[in-house]
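If you want the building blocks of each chain, they are given just below.
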Amino acid sequence: MSQNDQEGKAPVRGLQDVVAGETRVSYVDGVNGMLIYNGYDVRELAEHTTFDEVVYLSWYGQLPTRSELASFRARLVSEMRLPSQVISMIRLAPAGAHPMDVLRTAVSALSMFDPESGDMSPAANERKLVRLLAQVMTIIADMHRVRSNESVVSPDPGLDIGDNFLYMFRGRQPDEEEKKAFDQLLLLHLDHGFNASTFAARVTASTLADMHAALATAIGTLKGSLHGGANERVMEMLDEIDHVDMVDSYIQGMLDNGKRIMGFGHRVYRVEDPRARVLRHWSERLCHRAAMADLYAISHRIEQVVLAQKGIYPNVDFYSATVQHALGIPRQYFTTLFAASRTAGWLAHVMEQYADNRLIRPTSKYIGGWNRKVVPIAERG
Ligand SMILES: CC(C)(COP(=O)(O)OP(=O)(O)OC[C@H]1O[C@@H](n2cnc3c(N)ncnc32)[C@H](O)[C@@H]1OP(=O)(O)O)[C@@H](O)C(=O)NCCC(=O)NCCS
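Residues numbered from 1 in each chain as written. Predicted model: local features only at pLDDT ≥ 70, side-chain atom pairs only at ≥ 80, totals over all residues. Heavy atoms only, no water.

**Notes on the layout of surface pockets**
Here's step 1: Quantified by volume, the second largest pocket comes out at close to 780 Å³.
Here's step 2: Along its surface, the second largest pocket is lined by 36 residues, and Ala20, Gly21, Phe194, Phe199 and Ile360 are the ones closest to its centre.
Here's step 3: Sorting the residues of the lining of the second largest pocket by element identifies helix H3 (51-60), helix H10 (196-206) and helix H17 (334-355) as the ones contributing at least two each.
Here's step 4: Looking at the lining of the second largest pocket, the element that brings in the most residues is H17, giving five residues.
Here's step 5: Looking at the lining of the second largest pocket residue by residue, the classes come out as 19 nonpolar, eight polar and nine charged. (1 Å grid on protein atoms, 1.4 Å probe; cavity = no way out; pocket = protein on both sides within 12 Å on 5 of 7 lines; lining within 4 Å. Points joined across faces, edges and corners; volume = space filled by probe spheres on them. Helix = DSSP H or I, 4+ residues; strand = E, 2+ residues; numbered from the N terminus. Nonpolar A, V, L, I, M, F, W, Y, C, P; charged D, E, K, R; others polar.)

**Side note on the site of the ligand**
Here's step 1: If you check the shell around the ligand, you find 16 residues, and the closest are Arg260, Ile261, Gly263, Phe264 and Arg267.
Here's step 2: With the chains in place, 64% of the 850 Å² that the ligand exposes on its own is no longer accessible. (Near = heavy atom within 4 Å. Areas by Shrake-Rupley, 256 points an atom, 1.4 Å probe, with all protein chains shown as cover.)

**Quick word on the pattern of salt bridges**
Between side chains of opposite charge, a pair can form as their charged atoms come close.
Here's step 1: As enumerated under the stated definition, the model contains 25 salt bridges in all.
Here's step 2: Between Arg131 and Glu116 there is a salt bridge, with the nearest N and O atoms lying 2.9 Å from each other. You can see Arg131 sitting in helix H7 (residues 122-147) and its partner Glu116 sitting in the loop between helix H6 (99-113) and H7, a full 15 residues away along the chain. Glu116 shares its class with Arg131; the two are buried.
Here's step 3: Each of Arg170, Arg172, Asp175, Glu177, Glu178, Arg285 and Arg289 takes part in a single network of salt bridges with overlapping partners. (Salt bridge = Lys/Arg side-chain N within 4 Å of Asp/Glu carboxyl O. Buried < 20%, exposed > 50% of the residue type's maximum accessible area, 1.4 Å probe, protein only.)

**Quick look at the packing of aromatic side chains**
Describing an aromatic ring pair means giving the distance of the ring centres and the angle of the ring planes.
Here's step 1: Overall, the coordinates contain 13 aromatic pairs when judged by the stated rule.
Here's step 2: A ring pair is formed by Phe264 and Phe318, whose centres lie 4.7 Å apart and whose planes are at 55°; its orientation type is tilted. Residue Phe264 is found in the loop between helix H13 (247-256) and helix H14 (274-289), and its partner Phe318 is found in helix H16 (residues 316-326); the two are separated by 54 residues along the sequence.
Here's step 3: Using a relative accessible area of 11% as the deciding quantity, one classes Phe264 as buried.
Here's step 4: Note on Phe318: relative accessible area 1%, which makes it buried. (Phe/Tyr/Trp six-rings, centres within 6.5 Å; stacked < 30°, edge-to-face > 60°.)

Structure below.
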């Protein structure tokens, strides 16, 4: 590489619109505001299927039959156990550690206790798909129980994985409406094209690192406030607004100061995020049920003001915050739930990457200068 090679090279900032690979898992249609999972419109999937059916679709390419779903559910729930050492590690985490950091660390730790972590055969990887998704759910539920000084709850074999999560996290069985809302929340977060964390997982997988490594990479990437961490920040913003009458001046003040409104805007969607539409419904429904109608009113007003002022729509994180809050999930866990659902998508991408791999290794425009002469340390003063 020389100075001449660099000429005419212009990096694409943020890799916007760069086609970095192929995938069957999902497609984000930013112009028409559609999200497709393996050929199906996500809104139709949300209406007619469950999270675990869509996990099956992502991993095996088709929706399961009734008997396939029954055995898949049984496998998932039977894998929701953690090695005792990993529960001990969760207990050792400082009380102030962010749950995303604990989750990332626990996933890393799991690799040391999984006898198949280094086995890259397709059969072992398929077993790890099921095990890892199940274990991520349990890590989050157990972390919350341990940190609340409550005993951990064993999964109920009669419940599916999403219902089991709510049961193990809160210690009580969810009712039918909670089950439906939570299941749709998981389903809508499952995959989203080549977003930052998915791309990060694929980069790691492309080095032929194992699935635990790819998953830990993805969790680390999701944490940022421009990605999955936005849902937690939405709740912080809602906390600062006491009444719906304050919304207009609050948002105006943020925009005047050049601040970003969390839960709004998207790299790909130019129209409304289809996931936000479904979650808005659940936010309204659950907030009313939980005597939090004011919170929904404030959220809805924020949406109107941001759209009027900036022409920007809410993304998946905006209403997911109030849905989770109304379900009794503390805000510091919001992003871990995004991670739990997205684990299914990340792992589907990792399998795709393994199946047709080429090391992902882009290049860069060098801006570091040329022909500098080394001055030995003794002469540098
Ligand atoms: C998601 C996000 C990172 C996409 O960013 P991007 O594609 O790089 O878009 P840009 O940062 O180039 O923003 C384009 C314009 O919209 C504005 N904008 C984008 N999102 C905004 C937001 N949430 N609040 C206020 N303005 C926003 C930017 O200020 C910029 O305006 P300008 O051209 O006048 O400077 C961005 O919308 C954002 O920061 N959103 C808030 C965080 C969030 O909700 N993340 C979750 C994503 S699912």
